[in-house]
Amino acid sequence: MKSKISKTVIAFAMISITFTTKCTNEDEADTTSEIVIPNIVKTDSQLRDEAYRADPIYGEIKNLEDYWLAFKTIGETQYGYDFGDQEVKIFTDLTIANSDSDRDDAAGIAYGSCEEGVINIAINADYWAEYSFNRKLILMWHELGHDVLNAAHIEGERAIMNTPLPDEYDLNIFKKEEADLFNGTDLVFFDCDDPYFN
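About the thresholds
Residues numbered from 1 in each chain as written. Predicted model: local features only at pLDDT ≥ 70, side-chain atom pairs only at ≥ 80, totals over all residues. Heavy atoms only, no water. Helix = DSSP H or I, 4+ residues; strand = E, 2+ residues; numbered from the N terminus. Buried < 20%, exposed > 50% of the residue type's maximum accessible area, 1.4 Å probe, protein only. Contact = heavy atoms within 4.5 Å. Expected span 1.5 Å × (residues − 1). Axes fitted to C-alpha atoms, helices over the stretch in contact; angles between N-to-C directions. Parallel < 35°, antiparallel > 145°, perpendicular 65-115°, else oblique. Left-handed = near helix turned anticlockwise from the far one by under 90°. Nonpolar A, V, L, I, M, F, W, Y, C, P; charged D, E, K, R; others polar. Pairing = 2+ DSSP bridges. Salt bridge = Lys/Arg side-chain N within 4 Å of Asp/Glu carboxyl O. Polar contact = N/O pair within 3.5 Å; in protein donor to acceptor, adjacent residues only side chain to side chain. pLDDT = per-residue confidence, 0-100.

Caption draft 1: Highlighting the overall build of the protein. The number of helices and strands found in the protein is 6 helices and 3 strands. Its helices and strands in sequence order give the protein the pattern α-α-α-β-β-β-α-α-α, from N to C terminus. In the protein, which comprises 198 residues, the share counted as buried stands at 38%. Sequence separation of at least 24 residues holds for 59% of the intrachain contacts in the protein that already meet a minimum separation of 6.

As structure tokens, this is what we get:
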């Protein structure tokens, strides 16, 4: 009987040791298979875009027409414009060629300059696909400056109406340039009586 009890105790001890060893080995394996989250470094452009998206007006922009709605909201609420009702046509195209020139590489073209109540802007789809949100906003303000404010190109290091388009702006610089645009600072306006526009 003593032998039977001894065998039972030995068998139980071996099972316990095996179980403990097996659990310990599995636990050790789990600690070496931790999930490591990589440190993602954002570009300056991505950080700028985040700042713009956090803005209560710019952050609401989801599609092409929303750019007009944001431009209209800012112009009317912050600068006293009354843009009234507008027929809005903003679209992308793979190639943009102005019928009056050989420009086929423009990022955008405003066709509605000097036409009251009409916004007609074509955006180059290839450029649009590559642009950051910040750069898209600069492009749209530039084309809306032509189409809605009848502003011509000017030369200025950071001016929105400059051509070629300025590089990306930090949000505070963009807001300053936006204020200059709406206030007409240093702008040159189209002569809407010119036969070109009629």
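More follows now that the structure is in view.
Caption draft 2: Spotlight on helix 3 (residues 64-78). The end-to-end C-alpha distance of helix 3 is 22 Å, a good match for the 21 Å that 15 residues give at a rise of 1.5 Å each. Elements that come into contact with the buried residues of helix 3 comprise strand 1 (87-93), strand 3 (118-124), helix 4 (125-130), helix 5 (133-147) and helix 6 (171-183). Positive phi appears at Gly80, one or two residues downstream of helix 3, with a value of about 80°.

Caption draft 3: Structural context of the packing of helix 3 against helix 5. Where helix 3 contacts helix 5, the two axes come as close as 10 Å, and the packing angle between them is 65°. Classified by the angle their axes make, helix 3 and helix 5 are roughly perpendicular. Considering how the two elements wind past one another, helix 3 and helix 5 form a crossing that is right-handed. Within the contact between the two elements, helix 3 uses Leu64, Tyr67, Trp68, Ala70, Phe71 and Ile74 and helix 5 uses Phe133, Lys136, Leu137, Met140, Trp141, Leu144 and Gly145. Split by residue class, the contact of helix 3 with helix 5 holds 11 nonpolar, 1 polar and 1 charged.

Caption draft 4: Seen up close, the sheet that holds strand 3. Strand order in the open sheet formed by 3 strands is 1-3-2, with mixed pairing between adjacent strands. Taken across any chain shown, the strands that pair with only one partner, and hence form the sheet edges, are strand 1 and strand 2 (108-110). Between one strand axis and the next, the sheet turns through 15° on average, direction left out of account. Across the sheet, helix 3 is in contact with strand 1 and strand 3; its angle to strand 1 comes to roughly 135°. On the sheet, helix 5 packs against strand 1, strand 2 and strand 3 and is oriented at approximately 145° with respect to strand 3.

Caption draft 5: Focus on the pattern of salt bridges. Summed over the entire model, instances satisfying the criterion amount to 8 salt bridges. Salt-bridge contacts for Glu76 lead to Lys72; the nearest nitrogen and oxygen are separated by 3.4 Å. Of this pair, Glu76 and Lys72 both sit in helix 3, 4 residues apart, which is roughly one turn of that helix. Relative accessible area serves as the criterion here: at 21%, Lys72 is assigned to the partly exposed category. Measuring nitrogen to oxygen at the nearest pair gives 4.0 Å for the salt bridge that ties Lys176 to Glu177. If you follow the salt bridges from partner to partner, you end up with Arg48, Glu168 and Asp170 in one network.

Caption draft 6: Quick peek at the side chain of Asp180. If you trace the backbone, Asp180 turns up in helix 6. At a separation of 2.7 Å, a polar atom in the side chain of Asp180 contacts the side chain of Lys176.

Caption draft 7: Representation of the confidence of the model for the protein within the structure. When the pLDDT values of the protein are averaged, the result is 81; 77% of them are 70 or greater. Across the protein, the element-wise mean pLDDT spans from 50 in helix 1 (residues 2-32) up to 96 in helix 3. Segment residues 17-24: pLDDT under 50, and 0 contacts once partners within four positions in sequence are set aside and those in other chains are kept.

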